[in-house]
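One-letter residues, chain by chain:
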Amino acid sequence: QVQLVESGGGLVQPGGSLRLSCAASGSIFSIVDMGWYRQAPGKQRELVASKNSGGGTNYADSVKGRFTISRDNAKNAVYLQMNSLKPEDPAVYYCNAGAYTDYRNWGDYWGQGTQVTVSS
């Protein structure tokens, strides 16, 4: 199994910044994709940003130019730098990883979520 632990959420004013961190641990053979999703009350969980092991990135249109995803493969970690936060950004942000625990067993793993609140 793979465990993901997020940190860095909190309260920030509109226009402010936050940096989320997520570290993976456990029986990791290799991590293919790591990313961030978010879920606001009454809404479906949506992709915010992802980055694969080759360095390719994918962003939701709503965060392009404001959020930046990065990975530290040596630490099995992923980060989300969120700038220019808007009132529509508050949600629980979840770390996600697609990982192999051995040469053939792949799984989709989730963190417990971290709350991001944007309010003046």
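Predicted model only: the values in this text are computed from it and were never measured. (Residues numbered from 1 in each chain as written. Predicted model: local features only at pLDDT ≥ 70, side-chain atom pairs only at ≥ 80, totals over all residues. Heavy atoms only, no water.)

**Let's talk about the pairing of strand 5 (residues 46-52)**
Turning to step 1, where the next piece is worked out: Of the pairings in the sheet, the one linking strand 4 (residues 30-39) to strand 5 comprises six bridges and is antiparallel in character. Residue pairing for strand 5: Met34 is matched across the bridge by Lys51.
Turning to step 2, where the next piece is worked out: In textbook terms, the turn of a hairpin is the stretch between consecutive antiparallel strands, and for strand 4 and strand 5 this stretch comprises six residues, one of which, Gly42, has a positive phi near 75°.
Turning to step 3, where the next piece is worked out: By the bridge criterion, three bridges tie strand 5 to strand 6 (residues 57-59) in an arrangement that is antiparallel. (Pairing = 2+ DSSP bridges. Helix = DSSP H or I, 4+ residues; strand = E, 2+ residues; numbered from the N terminus.)

**Quick notes on the sheet that holds strand 8 (residues 77-82)**
Turning to step 1, where the next piece is worked out: Strand order in the open sheet formed by four strands is 1-3-8-7, with antiparallel pairing between adjacent strands. Of all the strands in the sheet, just strand 1 (2-7) and strand 7 (67-72) have a single pairing partner and so form its edges. Across the sheet, the mean angle from the axis of one strand to that of its neighbour is 15°, orientation sign disregarded.
Turning to step 2, where the next piece is worked out: Relative to strand 3 (residues 18-26), strand 1 runs antiparallel, the two being bridged by six bridges. By the bridge assignment for strand 3, Val5 is matched with Ala23. (Axes fitted to C-alpha atoms, helices over the stretch in contact; angles between N-to-C directions.)

**Details of the packing of aromatic side chains**
Turning to step 1, where the next piece is worked out: If you walk through the whole model with that rule in mind, you get one aromatic pair.
Turning to step 2, where the next piece is worked out: Taking the centre distance of 5.0 Å and the plane angle of 65° together, the rings of Tyr37 and Trp110 count as edge-to-face. Note that Tyr37 is positioned in strand 4 and Trp110 in strand 10 (residues 106-110), a separation of 73 residues in sequence.
Turning to step 3, where the next piece is worked out: Classification of Tyr37 by relative accessible area gives partly exposed; the value is 24%.
Turning to step 4, where the next piece is worked out: When the ring centre of Tyr79 is taken as reference, the NZ or CZ atom of Arg19 above it lies at 4.3 Å.
Turning to step 5, where the next piece is worked out: If you follow Arg45 out to its NZ or CZ, it ends over the ring of Trp110, 4.7 Å from the centre. (Phe/Tyr/Trp six-rings, centres within 6.5 Å; stacked < 30°, edge-to-face > 60°. Buried < 20%, exposed > 50% of the residue type's maximum accessible area, 1.4 Å probe, protein only. Lys NZ or Arg CZ within 6 Å of the ring centre and 35° of its normal.)

**Some points on the environment of Ser7**
Turning to step 1, where the next piece is worked out: Along the polypeptide, Ser7 turns up in strand 1.
Turning to step 2, where the next piece is worked out: Residue classification places Ser7 among the partly exposed residues on the basis of a relative accessible area of 40%.
Turning to step 3, where the next piece is worked out: Between the C-alpha atoms of Ser7 and Pro87, which are 80 residues apart in sequence, the distance is 21 Å.
Turning to step 4, where the next piece is worked out: The contacts of Ser7, once residues within four sequence positions are left out, are Arg19, Leu20 and Ser21. (Contact = heavy atoms within 4.5 Å.)

**Considering unusual backbone geometry**
Turning to step 1, where the next piece is worked out: For Asn76, which is not glycine, the phi torsion reads 50° and is therefore positive.
Turning to step 2, where the next piece is worked out: For Asn76, a relative accessible area of 23% corresponds to the partly exposed category.
Turning to step 3, where the next piece is worked out: The phi dihedral of Ser84 is positive, around 50°, even though this residue is not glycine.
Turning to step 4, where the next piece is worked out: With respect to the helices, strands and loops of the structure, Ser84 is situated in the loop between strand 8 and strand 9 (91-100).

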